[in-house]
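Results of the structural survey
Take a look at the letters that make up each chain.
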Amino acid sequence: MLKKYFYFLLLLILPTLVRSESYPEVLFDNSVINGSYAKSIAHYTGESWIQNVSYSLPVSDSLFFTPGNSLSLRYVSSPNGKWEASILNDKQKFPYLIAKDDHLTFKLFIQSNTEKGQLPKVTLQQNDTKTNAVDIANYIDDFAYDTWLNVSIPVNKFGGISLGKSVSALILEQNGTALQTNQLFIDQIEFLPKNYPKVRLSSAAILSKISSVDKQVELVWQLPLTPSIRYVKIYRSEDKLNFQPIAILPIYVQKSLDRVNEYNKSYYYKIAWVDYNYVESPFSEVREVQTKKGTDKEMLNFIRNAHVNYFIDNYDVNSGMFLPDRGNRQAIVSTNETGYAILGLLVAGENNLISRQALLVRLTRIVKFLSSAQQHQGVFTALYDGRSGVPYYRDSVPTYDLRGTSHIMESLLIARQYFSKEDPEEQALRNTITELWERINWNYFTDAQHPDVLWNKWSPVDSTARSRPLGGFNESLGTYLLAMSSPTHPLAISAYINGFATKHKGHELYFGDDTNDLAPELKMKLDDSLARSISANPLIGDDGNTGVSIYSDDKVIFAKNIAGGSLNESLMSVYRPFLIMDPKGKVDDFVDYKKYLSNYILAYKRRDNEMSIGTRFTDIWGVENVEDTYQGYLVNPAISIAAYPFEKEIGLKALRKFYEEYADVLFTQYGFRSWIDIKNNDVSESYRARNQATIAVMIENANSGMIWKLYENIPEVKKTLEKVYTKK
């Protein structure tokens, strides 16, 4: 099933108004890309047939139940063959778990003269297990043609279903035989509870604010506490008379962007609330907005603000921590990603996108949660249940994450600098952050033979057997600087050379997010990532394994001198320490980091420009991992845009080109999506905290140096920087 990504899509990317934000229980609502749905697989045998575009189901942007498209199912069911179409469920990091009272529901439009017996059967797949097939004709209310029908199937009708587990795919398959061509459309595939709120939506929706920057129109609404509201539906008009539906969004989204076609033109908008039965409330008042071309400064601020909006909206109300999948029943929060969220929120506060008091309340809730959450030697696990503070382990093995802990601690110390007023609440926040900081025992995460080398993980089950030593030109630099700055359990200054600046023979730490985090829609080649992260520990039982300096193999690559001799590190990992630390003036005995960053950026860009990534534009670049090609390349916009503080012209041109060419499918109210595969006409449906924070913080640092200044004035860190770096 997951081999889907070995098939090619040959369509050009076309503008679309679709927004794919949806609830975890929704398998399909819209395809981000017009033409075909990349997360589907269609195939047939013999004389049966199902229409497809390079093995993907086509989508219709002219006939849909919810805007802006639906799946087209055009097929022939021959007695001498079979057809099948799978719709993959892969939008969420933490997938929806099926409950016993759930119903599989979807909308069906029968355009052809198809008899009930010719309608397909449906099967649910859970990893490698399939349920029995169910005939959808038995679950249609008021069968009719040329209208949207409701299909609702209790999940207990699927023989072999495993409750409490997720569904990985929905499979439509041939049922009956006939030689006619059938045409169906399917939309809004989701799991709903048997009983849901049914309060009638009698009050008009409230569209509270509308504004524009360049061709982007931003809409903000005021949502009442009515439990039966499930969606917000947006309508647009160019003449104030004829309104067309352009988007439908879940209620956890507080604002939306709509990219229009022209400058200096008036557009009109209204919205409606939508309940669980897709019945709309009375419309809001109509609001007008006029577009005008944005300046570079306006565009930079606008794009920065969209990315921090991701952190304003996506958090757990109990803990204040970052919530990777808002709307999921599981309140699973991320330690590492909360570190990114705090940086983004500080930028938001500095630019009046969130009040200082609201930011203080959020951070106070975070540190209160962390103070009581389960930890070991002051180090946190990667994930927690945000309600209870109990760790959540993806593989059921208890593991404590030093890297993630260092990231959130860096951000909290920066917040400690930001909230510097002699106010009781701000003082209390500073004191609690200091307590968290002082209890981290960095020395515990080294070993007797190598006291200067930190390990990224530790488990009570097998110690550091699943771990890797931190080091190299990547995000571990920040971890070592923090460990050397500790007021209670510091590493020696020698850890800079023996830990950060050393790599161990036959062993390189893989610092990029694993494939599941990089592209949860793909989940492919995970075996390669696991091989990198769980192979034999290189230091345990091998005292003879001496380190090799990361500076020992400098090479000229793409006409630039690269310290370390390769471009193997993703620029996202290289950027990480310089989110918080200004490379200017950071010179050690081997490297001038400002020059190093510039060289790395230029060589990286030249490499990408010379690869066949599917574009003719030199300003479109940013391949995350050249090894994981998926017969295409995943281009991460954050990589090129975040070059802005170091190579302004390169970063600004990349921002403009990504926006001008791909904003329709790649840019939303939360900023740029995780990646685009230009060659294969596919785009991520998700975001990454690392990406959103990197773009927002780098733009802010280039403009004001805010995060850099706060970090470098942390008293404990300032002393370490003065010892490690020579002023230049």
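Above this text you will find the structure in question.
Residues numbered from 1 in each chain as written. Predicted model: local features only at pLDDT ≥ 70, side-chain atom pairs only at ≥ 80, totals over all residues. Heavy atoms only, no water.

**Some remarks on the environment of Asp 452**
- One can find Asp 452 in the loop between α5 (424-438) and β27 (457-458).
- The spacing of Asp 452 and Ile 497 is 45 residues in sequence and 8.6 Å in space, taken between C-alpha atoms.
- Leave out the neighbours within four places in its chain, and Asp 452 touches Tyr 480, Leu 491, Ala 492, Ser 494, Ala 495, Asn 498 and Gly 499.
- Side chain to side chain, Asp 452 and Ser 494 meet in a polar contact 2.8 Å long.
- At 2.8 Å, the side chain of Asp 452 and the side chain of Asn 498 are in polar contact. (Helix = DSSP H or I, 4+ residues; strand = E, 2+ residues; numbered from the N terminus. Contact = heavy atoms within 4.5 Å. Polar contact = N/O pair within 3.5 Å; in protein donor to acceptor, adjacent residues only side chain to side chain.)

**Focus on the sheet that holds strand β19 (residues 255-259)**
- The strand order across the open sheet formed by 3 strands is β15-β16-β19, and the pairing between neighbours is antiparallel. Lying at the two open borders of the sheet, with one neighbouring strand each, are β15 (207-213) and β19. Adjacent strand axes in the sheet meet at a mean angle of 20° when their direction is disregarded.
- With 5 bridges joining them, strand β16 (residues 216-221) and β19 adopt antiparallel strand pairing. Each bridged residue has a counterpart across the sheet, and for Glu 218 the counterpart in β19 is Leu 257.
- Where helix α1 (residues 296-313) meets the sheet, its contacts fall on β15, β16 and β19, and the angle it forms with β15 comes to roughly 140°.
- Lying over the sheet, helix α13 (residues 648-666) contacts β15, β16 and β19, oriented at roughly 120° with respect to β19. (Pairing = 2+ DSSP bridges. Axes fitted to C-alpha atoms, helices over the stretch in contact; angles between N-to-C directions.)

**Quick word on the packing of helix α2 (residues 335-350) against helix α4 (residues 402-418)**
- Closest axis-to-axis distance for the α2/α4 pair is 6 Å, and the angle between their directions is 25°. Comparing their axes, α4 and α2 come out roughly parallel. Crossing of α2 over α4 shows left-handed handedness. Of the residues in α4, those touching α2 at Thr 335, Asn 336, Thr 338, Gly 339, Tyr 340, Ile 342, Leu 343, Leu 346, Gly 349 and Glu 350 are Gly 404, Thr 405, His 407, Ile 408, Ser 411, Leu 412, Ile 414, Ala 415 and Tyr 418. (Parallel < 35°, antiparallel > 145°, perpendicular 65-115°, else oblique. Left-handed = near helix turned anticlockwise from the far one by under 90°.)

**A word on the pairing of strand β17 (residues 231-237)**
- Among the 7 residues in β17, 7 count as buried, and that is most of the element.
- In this sheet, strand β18 (residues 244-250) lies alongside β17 in antiparallel orientation, the contact comprising 6 bridges. Its bridge partner lying in β18, Tyr 231 is registered against Pro 250.
- A loop of 6 residues connects β17 with β18, the two strands running antiparallel in sequence, and Lys 240 in this loop sits at a positive phi of about 70°.
- In the sheet, β17 pairs with strand β20 (residues 266-274) via 7 bridges, with the strands oriented antiparallel. (Buried < 20%, exposed > 50% of the residue type's maximum accessible area, 1.4 Å probe, protein only.)

**A short note on the sheet that holds β17**
- Overall, antiparallel pairing links the 4 strands, which are arranged β18-β17-β20-β21 in an open sheet. This sheet does not close on itself; its edge strands, each paired only once, are β18 and β21 (287-290). Direction aside, the axes of adjacent strands within the sheet are offset by 30° on average.

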